[in-house]
Amino acid sequence: MTQKQLQQDYSSEAICERILQRHRGSVSVQKQHLAVANLSRIIQATLKLSNRQGFHAMSLRELASTAGLSMGGMYSYFDNKETLLLMILDAVSSSAQDVLSGAPEGVADDPVQHLNWLVETHIQLTEIMQPWFVFVFMEAKAFPEPAKRMAIASEAATEAMFADVLRRGVGTGAFAIDDVQLTAAIIKPLLQDWYVKRAKYRKAGISVSQYAGHVNGFVHAAIAAR
């Protein structure tokens, strides 16, 4: 998937369309275009307020005011804050899994190329969905149990994708790794740093492709078979 395609498929509106499909039973607004537009406003307002004061400190009245909706209008999309939280978390988790599981056939056959693709694609996706990923990262410690379990499962699934590629690379002799699972876990913070500390890299003038290339170079230098 190209960067342009990622931007189209994982824009706020496109993500909200998928959220509506997955949670249609709990959304009472029937007009699709109106439902998508308003849900996008709600979630963008949630991400903005959460970044400023934290999700749990945000009141639904503040959210409605920031989104430009009435309280009644907002309740047409979810019944409480936990449902809204699960909607956002599910969107982030499913987006990551859908994108990272879609490696092109020729790339997926070669562990070295596949690892490069995973790193580049993860960074590209989090560049597009940066506020969403930051929200999950920053709020995770305060999640209620259902959301916490979902977040843990999502992180484990992403690490498993990297571990599978690393394991295949060891099998072909391309990689020399003593502990595949630990190596996959260590790669994750390098990917997270891009979206959590985005301002630092923006100030330094470092582009998405530069950062992805440097991470790949760093990882390959550590795991390449000698």
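In this text, all values refer to a predicted model and were calculated from it rather than measured experimentally.

A. Representation of the UniProt feature "domain: HTH tetR-type" (unreviewed entry) in the protein. Residues annotated in UniProt with the feature "domain: HTH tetR-type" (unreviewed entry) correspond here to residues 36-96. Taken end to end, residues 36-96 is 75% helix and 0% strand, and its first and last C-alpha atoms sit 21 Å apart.

B. Local environment of the pattern of salt bridges. Taken as a whole and judged by the stated rule, the model has five salt bridges. The partner of Arg168 in a salt bridge is Asp164, and the shortest N-O contact between them spans 3.5 Å. Placement of the pair is Arg168 and Asp164 together in helix 10 (residues 145-172), with a separation of four residues, close to one helical turn. For Arg168, a relative accessible area of 27% translates into the label partly exposed. For Asp193, the salt bridge identified is with Lys197, shortest N-O distance 3.4 Å. The exposure class assigned to Asp193 is buried, which follows from its relative accessible area of 16%. Classification of Lys197 as partly exposed rests on a relative accessible area of 41%. Sharing partners across several salt bridges, the network here consists of Asp193, Lys197 and Lys200.

C. Local environment of the packing of helix 9 (residues 130-139) against helix 11 (residues 180-196). Where helix 9 meets helix 11, the closest approach of the two axes is 9 Å, and the angle between their N-to-C directions is 115°. The two elements helix 9 and helix 11 meet at a crossing, and its hand is left-handed. Residues Gln130, Phe133, Val134 and Phe137 of helix 9 pack against Gln192, Tyr195 and Val196 of helix 11. Across the contact of helix 9 with helix 11, the residue classes break down as five nonpolar, two polar and no charged.

D. Focus on the packing of helix 3 (residues 32-53) against helix 4 (residues 60-67). Running from N to C, helix 3 and helix 4 cross one another at 120°; their axes reach a closest spacing of 9 Å. With respect to their mutual orientation, helix 3 and helix 4 come out oblique. Crossing hand, helix 3 versus helix 4: right-handed. Contacts from Arg41, Ile42, Ala45, Thr46, Lys48, Leu49 and Gln53 of helix 3 reach helix 4 at Glu62, Leu63, Thr66 and Ala67. Here the contact of helix 3 with helix 4 is built from residues that sort into five nonpolar, three polar and three charged.

E. Molecular detail of helix 3. Helix length check: helix 3, at 22 residues, gives a terminal C-alpha distance of 31 Å against a target of 32 Å (1.5 Å per residue), a fit within 8%. At its buried positions, helix 3 is contacted by helix 2 (12-22), helix 4, helix 5 (71-74), helix 6 (81-100) and helix 9.

F. Inspection of the nonpolar core at higher detail. Counting residues in each nonpolar core, the largest one holds 46 residues, and the members touching the most others are Ile42, Ile43, Leu63, Phe78 and Trp132. Mapped onto this core, the elements with two or more residues apiece are helix 2, helix 3, helix 4, helix 6, helix 9 and helix 10. Ranked by residue count, the leading element in this core is helix 6, at nine residues. Ranked by size, the runner-up nonpolar core spans 27 residues in total, among them Leu100, Trp117, Leu118 and Val165.

G. Geometry of helix 2. Listing the buried residues of helix 2 in full gives Ser12, Ala14, Ile15, Cys16, Ile19 and Leu20. Of the surrounding elements, those touching the buried residues of helix 2 are helix 1 (3-9), helix 3, helix 6 and helix 9.

H. Just the layout of surface pockets, in detail. Its volume calculated, the largest pocket comes out at about 350 Å³. Lining the largest pocket are 18 residues, and of these Val136, Ala151, Glu155, Lys188 and Gln192 lie nearest its centre. Per-element accounting of the lining of the largest pocket gives the leading share, six residues, to helix 10. By residue class, the composition of the lining of the largest pocket is 10 nonpolar, five polar and three charged. There is about 180 Å³ of room inside the second largest pocket. Lining the second largest pocket, in full, are Leu47, Ser50, Asn51, Gly54, Gln130, Pro131, Val134, Phe135, Met138 and Glu139. Among the secondary structure elements, those contributing two or more residues to the lining of the second largest pocket are helix 3 and helix 9. Top contributing element to the lining of the second largest pocket by residue count: helix 9, with six residues. Residues that form the lining of the second largest pocket fall into these classes: five nonpolar, four polar and one charged.

Calculation rules
- Residues numbered from 1 in each chain as written.
- Predicted model: local features only at pLDDT ≥ 70, side-chain atom pairs only at ≥ 80, totals over all residues.
- Heavy atoms only, no water.
- UniProt positions renumbered as here; feature names shortened; annotations may be inferred.
- Helix = DSSP H or I, 4+ residues; strand = E, 2+ residues; numbered from the N terminus.
- Salt bridge = Lys/Arg side-chain N within 4 Å of Asp/Glu carboxyl O.
- Buried < 20%, exposed > 50% of the residue type's maximum accessible area, 1.4 Å probe, protein only.
- Axes fitted to C-alpha atoms, helices over the stretch in contact; angles between N-to-C directions.
- Left-handed = near helix turned anticlockwise from the far one by under 90°.
- Contact = heavy atoms within 4.5 Å.
- Nonpolar A, V, L, I, M, F, W, Y, C, P; charged D, E, K, R; others polar.
- Parallel < 35°, antiparallel > 145°, perpendicular 65-115°, else oblique.
- Expected span 1.5 Å × (residues − 1).
- Core = buried A, V, L, I, M, F, W, Y, C linked by side-chain atoms within 4.5 Å.
- 1 Å grid on protein atoms, 1.4 Å probe; cavity = no way out; pocket = protein on both sides within 12 Å on 5 of 7 lines; lining within 4 Å.
- Points joined across faces, edges and corners; volume = space filled by probe spheres on them.

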